[in-house]
There are 2 protein chains.
Amino acid sequence: MKLFAKAVLAISIAAIPPLSNPALANDEGILVKEIGGYHVGGKEILIKGLPSYETQYTPGGPKVTINPNGGFEAFQMYVQYVKLVSPKAKYPLLLWHGGGLSGVTWEDTPDGRKGWQTFFLKKGHDVYVTDSVERGRATWARYPEINKGEPVFRPKSQAWESFRIGPKYDDDPAKREIYPDTLFPYKHFDQMSKQSTPRWTTSDEATLAAYKEYVKSLPEACVIVAHSQGAVFAWDVARSMPEKVKAVVMLEPGGIPDPAKVDVDYSPLKGVKVLWLFGDLNTKYWQDRRTLLKRVDDKFKAAGGQSDWIEMTDSGVKGNTHMLMMDTNSDQIAQVVQDWLEKQGLMKGSSK
Amino acid sequence: MKLFAKAVLAISIAAIPPLSNPALANDEGILVKEIGGYHVGGKEILIKGLPSYETQYTPGGPKVTINPNGGFEAFQMYVQYVKLVSPKAKYPLLLWHGGGLSGVTWEDTPDGRKGWQTFFLKKGHDVYVTDSVERGRATWARYPEINKGEPVFRPKSQAWESFRIGPKYDDDPAKREIYPDTLFPYKHFDQMSKQSTPRWTTSDEATLAAYKEYVKSLPEACVIVAHSQGAVFAWDVARSMPEKVKAVVMLEPGGIPDPAKVDVDYSPLKGVKVLWLFGDLNTKYWQDRRTLLKRVDDKFKAAGGQSDWIEMTDSGVKGNTHMLMMDTNSDQIAQVVQDWLEKQGLMKGSSK
């Protein structure tokens, strides 16, 4: 019987593409067609009239005269892609990080497990991870001459509290207070903090422009999974080119304008499938944000949109933080996203 | 006959691991075991006593008070790895970028070809690409409170001339002068410039510390392919832990101290195999650097070291720039490296 099964396997491998064998995809590796990275968007800025100055590259080293004038590239973003030989998803999956972060968000979790990049590759998606303008490998330009704003550095205390890891941060790790049911691998919080990037003021417009150029440059439509500030950009990009964006997963979105205050036409979005996905919204700040986002969703639906709204607590899972792709049940949450994508008919073989 | 061949293939695939089929590795994809990224090195820095200030995240937006004090992670570096199911190399290959650049150096070339990351993956190496301290996804910390130095931005003109693309840069691309035989895809120079990162002064010590921590953290020995400033760090890391570094490929190295001026003991390096590799050293600056590096190599050999010295012009290839991993013959140069690694017995199945 065993021998017979082997013979059948041999014939089927010769007849069909290798990745159709699920064992190969999940346990024996990921069959990658292409991996690479590049920049998209941005423009040249010429700097003139600044004085030259002296500096040293190493303490005690020779004095070097620096002329800071010239042409510089600025406001581009960075894209890294992993394409599969045999994707099972109909469209590439784009992972967009939040504010003060970079694409590292989706890689190894702070406690060393595999992140969502790997999860979705194993589920058969081509996965594109980006660093938005001025962050990570997108790199940044001098200020105030090019960037009009300034870099703001998020202290660890702020991340601890606003990401809902715990009510109170302390410089001494032993004295940090967690929420008793937190699912963040809080003992590895400092490791997570190493990926924190400066966040620039007044760069939203340039960032949105780069994201639009990026999505426009893709040869086909896409699905966007976007976190926090990244979800705000995803929402705007989807609204401006709904034909290129089949679905948007809004992971704990950041500051989308309140429809009670700002009148935005959501009707262009109505063909885009939307999932709102949240952890455990156990603080007033996040409960207020939920109320505002409910208004956004209501308005989206009133304009003919189709959406789902999932809070992990609905199914009894408590303690998911703002960084749910790093929480100890990160695969469980990714599976919620995957199930939803399947239901939307976004995997191959679906009749939808 | 064709049918018979198919049957043989089917049997062999069932019997051996998929990647042992060279066609699969080269034409049908790369069988990846694991992909991911993380930070290594660095430490916490506490900032105290700075005044709070007001800013706006968006022009015309609400005023926000920023307290810049607190704990921050700083001086870490970023590592991204792609591990194969069946590596053919004995040790992972580490790609280290040069000054004012990031790991993007090794990804798609500015004109959209596949870079060295892909080349060496296809040759069967586990490939690790890094962003050194303060660059790219390593991210950076505030100055002058944490970084004592300052960020220096390289104007495009400086890259054009010092990378030996041409003798004279102009803001107008049509007026830029190239060396007639340049192999850099100069029409895509602006695209390359988008990956340029600020270069910090006085950060060498922190950078070297992070590189050492990185190599030390690897479970096994490694091979380092390092470019320009990165090669200086590779040289020092190999000297401090030669048991972890089997070979170093020094691609157009940066400022290694002149042995005529600084007495450094190279005997710890003698077990490390060294390849010095250069493009077309057609400027005085690079000819002077060659002279200095020859003194380094002489001293290394005098201490018992084994090295090879290759300039692409030796085999009649003119016009290779400092960015040889991006030049139009980048695969040819990568093959020179691969051939040398094979000769050193660093691929599996070698008896050396």
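Counting from 1, residues in each chain are numbered in the order their sequence is written. Labels are handed out in written order, letters beginning with A for the chains and numbers beginning with 1 for the ligands. Since the coordinates come from a predicted model, pLDDT governs what is reported: local features require at least 70, and pairs of side-chain atoms require 80 or more to be given and counted, while whole-chain, interface and lining totals use all residues. Side-chain metrics in this entry use all non-hydrogen atoms of the structure; hydrogen atoms and water are not considered.

(A) Fine view of the overall build of chain A. Elements are defined by DSSP. Helices are runs of H or I of four residues or more, strands are runs of E of two residues or more, and each kind is numbered from the N terminus. On a plain count of helices and strands, chain A comes out with nine helices and 14 strands. In this description the radius of gyration comes from C-alpha coordinates, and the expected globular size is given by 2.2 Å times residues to the power 0.38. Taken over C-alpha atoms, the radius of gyration comes to 22 Å for chain A, in line with the 20 Å a tight globule of 352 residues would show. In terms of overall dimensions, chain A has a C-alpha envelope of 80 × 50 × 45 Å along the principal axes. Summary of the burial criterion: residues with accessible area below 20% of their type's maximum are buried, those above 50% are exposed, and those between are partly exposed, where the area comes from a 1.4 Å probe applied to protein chains only. Buried positions account for 57% of the 352 residues belonging to chain A. The accessible surface values rely on the Shrake-Rupley method and a 1.4 Å probe; as for residues, cover is taken only from the protein chains in view. For chain A, the exposed surface amounts to about 14,100 Å²; the carbon and sulfur share of it is 53%. Positive charges come from Lys and Arg, negative ones from Asp and Glu, while His and the chain ends are left out of the count. Charge positions are represented by NZ for Lys, CZ for Arg, CG for Asp and CD for Glu. Taking the average location of the 45 positive side-chain charges in chain A and that of its 42 negative ones, the two points are 3 Å from each other.

(B) Local environment of the pattern of salt bridges. Put simply, a salt bridge is a Lys or Arg side-chain nitrogen that is within 4 Å of an Asp or Glu carboxyl oxygen. Per the stated rule, a full pass over the model turns up 36 salt bridges over all chains. One salt bridge connects B:Asp190 with B:Arg176, and the closest N-O pair in it is separated by 3.2 Å. Of this pair, B:Asp190 sits in helix α5 (residues 189-193) while B:Arg176 sits in the loop between α4 (156-162) and α5; the two residues are 14 residues apart in sequence, bridging distant segments of the chain. With a relative accessible area of 24%, B:Asp190 lands in the partly exposed category. By relative accessible area, which is 11% here, B:Arg176 ends up buried. The network of salt bridges with shared partners includes A:Glu44, A:Glu73, B:Lys156, B:Arg176, B:Asp190 and B:Lys194.

(C) Local environment of the relation of the copies chain A and chain B. To line up the copies, we fit them by least squares on C-alpha atoms, keeping just the residues with pLDDT of at least 70 in both. Between the two copies, chain A and chain B, the superposition gives an RMSD of 0.0 Å; the rotation angle is 180° and the shift along the axis is 0.0 Å. Given the turn and translation reported, the copies of this chain are related as if by a two-fold rotation axis. Most of the interface of chain A is mirrored in chain B, where 100% of its interface residues are also at the interface. Residue contacts follow a heavy-atom distance rule, with two residues in contact if any of their heavy atoms lie within 4.5 Å.

(D) Examining the interface of chain A and chain B more closely. Residue-level contacts link 83 residues of chain A with 83 residues of chain B. Contact between chain A and chain B buries roughly 6,600 Å² in total, counting both sides, with carbon and sulfur atoms accounting for 56%. The interface formed by chain A and chain B includes twelve salt bridges. A salt bridge links A:Arg137 to B:Glu107, with the shortest nitrogen-to-oxygen separation between them at 3.6 Å. Summed over both partners, the accessible area (1.4 Å probe) lost when two parts come together is defined as the buried area.

(E) Seen up close, the packing of aromatic side chains. Any pair of Phe, Tyr and Trp rings, taking the six-membered ring for Trp, is counted once the centres come within 6.5 Å. Such a pair is stacked with planes under 30 degrees apart, edge-to-face with planes over 60 apart, and tilted for the rest. Counted under the stated rule, the structure contains 43 aromatic pairs over all chains. With centroids separated by 6.3 Å and ring planes inclined at 35°, the aromatic side chains of B:Trp96 and B:Tyr214 adopt a geometry described as tilted. With B:Trp96 in strand β5 (residues 93-96) and B:Tyr214 in helix α6 (residues 204-217), the pair connects residues that are 118 residues apart, well separated along the chain. The same class applies to B:Trp96 and to B:Tyr214, which are both buried. Members of the aromatic cluster, each reached through a chain of ring pairs, are A:Trp140, A:Tyr143, A:Phe153, A:Trp200, B:Trp140, B:Tyr143, B:Phe153 and B:Trp200. The criterion for a charge sitting over a ring is simple: Lys NZ or Arg CZ within 6 Å of the ring centre, and within 35 degrees of the ring normal. Sitting over the face of the ring of A:Tyr81, A:Lys83 holds its NZ or CZ atom 4.9 Å from the ring centroid. Over the aromatic face of B:Tyr266 sits the side chain of B:Lys299, whose NZ or CZ is 5.4 Å from the ring centroid.

(F) Here's a closer look at the nonpolar core. Residues A:Trp96, A:Tyr214, B:Trp96 and B:Tyr214 are the most contacted members of the largest nonpolar core, which totals 104 residues. By convention a nonpolar core is built from buried Ala, Val, Leu, Ile, Met, Phe, Trp, Tyr and Cys residues, the set being connected through side-chain atoms within 4.5 Å. Listed in part, the 87 residues of the second largest apolar core include A:Met312, A:Met326, B:Trp340 and B:Leu341.

(G) Region of interest: the packing of helix α6 (residues 204-217) of chain A against helix α7 (residues 229-240) of chain A. All names here are of chain A. Note on definitions: angles span 0 to 180 degrees between N-to-C directions of axes, and those axes are lines fitted to C-alpha atoms, for helices only across the stretch in contact. For the pair α6 and α7, the least separation of the axes is 10 Å and the interaxial angle reads 55°. Judged by the inter-axis angle, α6 sits oblique to α7. Crossing hand, α6 versus α7: right-handed. Residue-level inspection shows Asp204, Thr207, Leu208, Tyr211, Lys212 and Val215 of α6 in contact with α7, the latter providing Gln229, Phe233, Asp236, Val237 and Ser240. Just so you know the grouping, Ala, Val, Leu, Ile, Met, Phe, Trp, Tyr, Cys and Pro go in nonpolar, Asp, Glu, Lys and Arg go in charged, and all remaining residues, Gly too, go in polar. Here the residues of the contact of α6 with α7 sort into five nonpolar, three polar and three charged. Oblique is the label for every angle not falling under 35 degrees (roughly parallel), over 145 degrees (roughly antiparallel), or within 65 to 115 degrees (roughly perpendicular). Note: crossing handedness is left-handed where the near helix turns anticlockwise from the far helix by less than a right angle, and right-handed where it turns clockwise.

(H) Local environment of the confidence of the model for chain A. Residue and element names in this part refer to chain A. Scored by pLDDT, chain A has a mean of 91; 92% of the residues are at 70 or more. Confidence drops under a pLDDT of 50 for residues 1-26, and excluding neighbours within four residues, the segment shows 24 contacts in the predicted structure. The ipTM, which scores confidence in the relative placement of chains, is 0.91 for this predicted complex, and the corresponding pTM is 0.92. Every residue is assigned a pLDDT by the predictor, reflecting its confidence on a scale from 0 to 100.

(I) Structural context of the side chain of B:Asn329. All names here are of chain B. By secondary structure assignment, the location of Asn329 is in the loop between β12 (306-311) and α9 (330-343). For Asn329, a relative accessible area of 11% translates into the label buried. Within polar-contact distance, the side chain of Asn329 engages the side chain of Asn320 at 2.8 Å. A polar atom in the side chain of Asn329 sits 2.9 Å from the side chain of Gln332. With residues up to four places along the chain from it excluded, the contact list for Asn329 reads Leu183, Met312, Val317 and Asn320. In protein, a polar contact means a hydrogen-donor-capable atom and an acceptor-capable atom, both N or O and within 3.5 Å, with residues adjacent in sequence counting only if both atoms are side-chain atoms; elsewhere, any N or O pair within 3.5 Å suffices.

(J) Here's a closer look at unusual backbone geometry. Each neighbour pair has its own omega, and for A:Tyr143 with A:Pro144 the value is 0°, a cis peptide bond. Positive phi is not limited to glycine here, since B:Thr139 has a value of about 60°. By the secondary structure assignment, B:Thr139 is in the loop between β6 (127-131) and β7 (151-152). Residue classification places B:Thr139 among the buried residues on the basis of a relative accessible area of 6%. Backbone geometry at B:Thr202 places phi at a positive 60°, although glycine is not the residue there.

(K) Inspection of the pairing of strand β2 (residues 53-56) of chain B at higher detail. All names here are of chain B. As defined by bridge partners, β2 adjoins strand β3 (residues 63-66) across four bridges and the pair is classed as antiparallel. Across the sheet, the residue bridging to Thr55 is Val64, located in β3. Only strands that DSSP links by at least two bridges are regarded as paired with each other. The antiparallel pairing of β2 with β3 creates a hairpin that spans six residues between the two strands, and Gly60 there sits at a positive phi of about 80°.

(L) Here's a closer look at the pairing of strand β6 (residues 77-84) of chain A. All names here are of chain A. Among the eight residues that make up β6, seven are buried, leaving the element largely enclosed by the rest of the structure. The pairing of strand β1 (residues 30-40) with β6 spans eight bridges and is antiparallel. Its bridge partner being in β6, Gly36 is matched across the sheet by Tyr81. Pairing geometry for β6 and strand β8 (residues 127-131), over five bridges, is antiparallel. From the neighbouring strand, Gln80 faces β8, where its bridge partner is Val129.

(M) Region of interest: helix α8 (residues 284-302) of chain A. Residue and element names in this part refer to chain A. Taking 1.5 Å of rise per residue, 19 residues should cover 27 Å, and α8 covers 27 Å from first to last C-alpha, within 8% of that figure. For α8, every residue scored as buried is listed here: Trp286, Arg289, Leu293, Val296, Asp297 and Phe300. Viewed along the axis of α8, the buried residues span an arc of 100°, placing them on a single side of the element. Facing away from the buried side of α8 by over 90 degrees, the exposed positions are Lys284 and Ala302. Residues of α8 that are buried sit in contact with α4 (156-162), α7, β13 (273-278) and β14 (306-311). The first or second residue beyond α8 is Gly304, which carries a positive phi of 100°. Expected helix span is computed as 1.5 Å times (number of residues minus one). An arc is given here, and it is the one of the directions from the helix axis to the C-beta atoms.

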